[in-house]
Amino acid sequence: MTTSDWPLWEVFVRSRRGLSHTHAGSLHAPDAEMALRNARDLYTRRSEGVSLWVVPSAAITASSPDEKDPFFEPAGDKPYRHPTFYEIPEGVRHL
Amino acid sequence: MTVPTAPTAPTAPTAPTASPAATAGPAGARETPEAVFDAAVAADERIEPRDWMPEAYRASLVRQIAQHAHSEIIGMQPEANWITRAPSLRRKAILMAKVQDEAGHGLYLYSAAETLGVSRDELLDKLHTGRQKYSSIFNYPTLTWADVGAIGWLVDGAAITNQVPLCRCSYGPYARAMVRICKEESFHQRQGYEALLALSRGTPEQHAMAQDAVDRWWWPSLMMFGPPDDESSHSAQSMAWKIKRHSNDELRRRFVDICVPQAEALGLTLPDPELRWNEERGHYDFGAIDWAEFREVLKGDGPCNEQRITQRRRAHEDGAWVREAAAAHAAKHGEATR
């Protein structure tokens, strides 16, 4: 068996308590336990994390870049969802 | 409906920003993939793995990232040569951490290369059979302890000069790997400089050892930036694609300018009688590089080419049982997700 036969895992690191897990990178490992150990050695050698997630890459469903425009289009014409859309008279505070 | 201008970033960090791919909008959405790619590169956007990209761009990245990854793991050898003979426990712990970092850098880069559709095994196989290269610098031997210091200062220093601009490379996964690597390389360079400084300020024998190491590593370090601009086959296209941001000669000049005062502070000299400040240009002038030597080493006739690849193959074969055991364990516990 070779490393290519090992599944690919995506590694997510929580850098400190109170923050969410963030994608750090990926690695190959034969199982989840080894993936965690390898992730520790690969992505937290300098105390970059207090918690790790490993997720099989194959389990991730992604939007396709080809669909980018139509897929994200619904949000494109709704600037009124942002607070800066609204004009407020000068001097009005706490708003 | 009147559509007012899009909200601005400071108060709405998630506001839609105009990207070249998106500005086309529904009406102009049927641009050719080439046009979308070119516009993204022109606008300094990042290309991501599933985007359309020219085959030559993909091939160029695979070649460069693979060579970079191979350099990281082959680069473990010359330094690992001194782990058991490090002069103190402190230096030994530092060197082990550094060599472990190089393995990590190799893994970040192999992962980046894999996003382009090549497999890890294919890359390792090409390294083991000489079909992909690694940096020539690692075909020089580490003869004394001072070489560990010289490698940290000069070889890692040259690598950093090369790599910092790669953090802005147009290909996202490569750029992200480089950000991580550059953060970690800084320790490599400083530990080397400190080790050399200790020798330079030590006994006359130690000082001579440090000087000898610098004398041997200086020219090969300058060669790390690759052939001169007018002979570099990939440079112009790589720069147009924003894979590279600066030319070989430009980076080499920058490195020389950085090193001269650092050498002075070390109390060591650089082995180039023609090295002098050029007031007019605002840079140091330096002597001609022996490109015949560079080509010789690149071709496979350097002092350690054979040894490096043999050792690499042996390490891979010796590790086979570990990979097999891990796979058997995973199969037995039914955790493999594939």
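A brief report on the enclosed structure follows. As the structure is a computational prediction, the values presented were derived from the model and not from experiment. (Residues numbered from 1 in each chain as written. Chains lettered and ligands numbered in written order. Predicted model: local features only at pLDDT ≥ 70, side-chain atom pairs only at ≥ 80, totals over all residues. Heavy atoms only, no water.)

Thoughts on the overall build of chain A
Across its full length, chain A carries 2 helices and 3 strands. Reading the helices (α) and strands (β) of chain A from amino to carboxyl end gives β-β-α-β-α. Taking 95 residues into account, the globule formula puts the C-alpha radius of gyration at 12 Å, and chain A, at 21 Å, lies well above it. Along the three orthogonal principal directions, the C-alpha set of chain A runs to about 65 × 35 × 15 Å. (Helix = DSSP H or I, 4+ residues; strand = E, 2+ residues; numbered from the N terminus. Rg over C-alpha atoms; globule rule 2.2 N^0.38 Å.)

Details of the overall build of chain B
Looking only at helices and strands, chain B has 14 helices and 2 strands in total. Burial analysis of chain B (338 residues in total) assigns 50% to the buried set. Of the contacts made within chain B by residues no fewer than 6 positions apart, 76% connect residues no fewer than 24 positions apart. Carbon together with sulfur atoms contributes 56% to the accessible area of chain B, which is approximately 16400 Å² in total. (Buried < 20%, exposed > 50% of the residue type's maximum accessible area, 1.4 Å probe, protein only. Contact = heavy atoms within 4.5 Å. Areas by Shrake-Rupley, 256 points an atom, 1.4 Å probe, with all protein chains shown as cover.)

A look at empty space enclosed by the protein
All names here are of chain B. Per the counting criterion, the structure on display carries 1 cavity of 30 Å³ or more. Here the largest cavity defines a volume of roughly 40 Å³. Lining the largest cavity are Ser136, Ile137, Tyr140, Pro220, Met223, Phe294 and Val297. Its residues assigned to classes, the lining of the largest cavity comprises 6 nonpolar, 1 polar and no charged. (1 Å grid on protein atoms, 1.4 Å probe; cavity = no way out; pocket = protein on both sides within 12 Å on 5 of 7 lines; lining within 4 Å. Points joined across faces, edges and corners; volume = space filled by probe spheres on them. Nonpolar A, V, L, I, M, F, W, Y, C, P; charged D, E, K, R; others polar.)

With respect to the sheet that holds strand β3 (residues 51-56) of chain A
Residue and element names in this part refer to chain A. As summarised here, the arrangement of the 3 strands in space is β2-β1-β3, forming an open sheet in which the pairing is antiparallel. Of all strands in the sheet, those bounded by a partner on one side alone are β2 (22-28) and β3. Across this sheet, the average inter-strand angle for adjacent strands is 30 degrees, counted without regard to direction. Pairing of strand β1 (residues 8-14) with β2 involves 6 bridges; the strand directions are antiparallel. Along β2, the bridge assignment pairs Val11 with Gly25. (Pairing = 2+ DSSP bridges. Axes fitted to C-alpha atoms, helices over the stretch in contact; angles between N-to-C directions.)

Some details on the pattern of salt bridges
Residues and elements named next belong to chain B. Evaluated as defined, the whole model comprises 25 salt bridges over all chains. Glu79 is the partner of Lys98 in a salt bridge, and the nearest nitrogen-oxygen pair spans 2.6 Å. One end of the pair, Lys98, is in helix α5 (residues 89-114); the other, Glu79, is in helix α4 (residues 76-80), and 19 residues separate them in sequence. Per residue, the accessibility class of Lys98 equals that of Glu79, and both read buried. (Salt bridge = Lys/Arg side-chain N within 4 Å of Asp/Glu carboxyl O.)

Examining a nonpolar patch on the surface
Residues and elements named next belong to chain A. Together, Tyr80, Tyr86, Ile88, Val92 and Leu95 give the surface a local cluster of nonpolar side chains, amounting to about 530 Å² of exposed area. Relative to the helices and strands, Ile88 is located in the segment after α2 (68-76). Taking the relative accessible area as the measure of exposure, Ile88 reaches 43% and is therefore partly exposed. (Patch = residues over 30% accessible without salt bridge, like charges linked within 9 Å, V, L, I, M, F, W, Y side chains within 5 Å.)

Focus: the packing of aromatic side chains
Residue and element names in this part refer to chain A. Taken as a whole and assessed by the stated rule, the structure comprises 14 aromatic pairs over all chains. Judged by centre distance (6.4 Å) and plane angle (55 degrees), the rings of Phe12 and Trp53 are tilted. Taken together, the residues Phe12 in strand β1 and Trp53 in strand β3 connect sequence positions 41 residues apart. With a centroid separation of 4.9 Å and an interplanar angle of 80 degrees, the aromatic rings of Phe85 and Tyr86 are classed as edge-to-face. (Phe/Tyr/Trp six-rings, centres within 6.5 Å; stacked < 30°, edge-to-face > 60°.)

Here's the deal with the packing of helix α3 (residues 55-74) of chain B against helix α8 (residues 172-200) of chain B
Residue and element names in this part refer to chain B. Their axes nearest at 13 Å, the elements α3 and α8 cross at an angle of 25 degrees. Judged on the interaxial angle alone, α8 and α3 are roughly parallel. In this structure, α3 crosses over α8, and the sense of that crossing is left-handed. Contacts from Leu61, Gln64, Ile65, His68 and Glu72 of α3 reach α8 at Tyr174, Met178, Ile181 and Glu185. Per-class residue counts for the contact of α3 with α8 are 5 nonpolar, 2 polar and 2 charged. (Parallel < 35°, antiparallel > 145°, perpendicular 65-115°, else oblique. Left-handed = near helix turned anticlockwise from the far one by under 90°.)

Side note on helix α6 (residues 120-128) of chain B
Inspection of α6(B) places Arg120(B), Asp121(B), Leu123(B), Leu124(B), Leu127(B) and His128(B) among the buried residues, and these make up the whole buried set. Along the axis of α6(B), the buried residues cluster in a sector spanning 160 degrees; they form a single face. Packing partners of the buried residues in α6(B) comprise β2 of chain A together with α3, α5 and α13 (305-318) of chain B. Immediately beyond the C-terminal end of α6(B), within one or two residues, lies Gly130(B), with a positive phi of roughly 75 degrees. (Arc of directions from axis to C-beta.)

Considerations on the environment of Ser111(B)
Along the chain, Ser111(B) turns up in helix α5. The spacing of Ser111(B) and Gly157(B) is 46 residues in sequence and 24 Å in space, taken between C-alpha atoms. If sequence neighbours within four positions are ignored, Ser111(B) has contacts with Ser26(A) and Arg120(B).

Keep in mind these values describe shape, not function.
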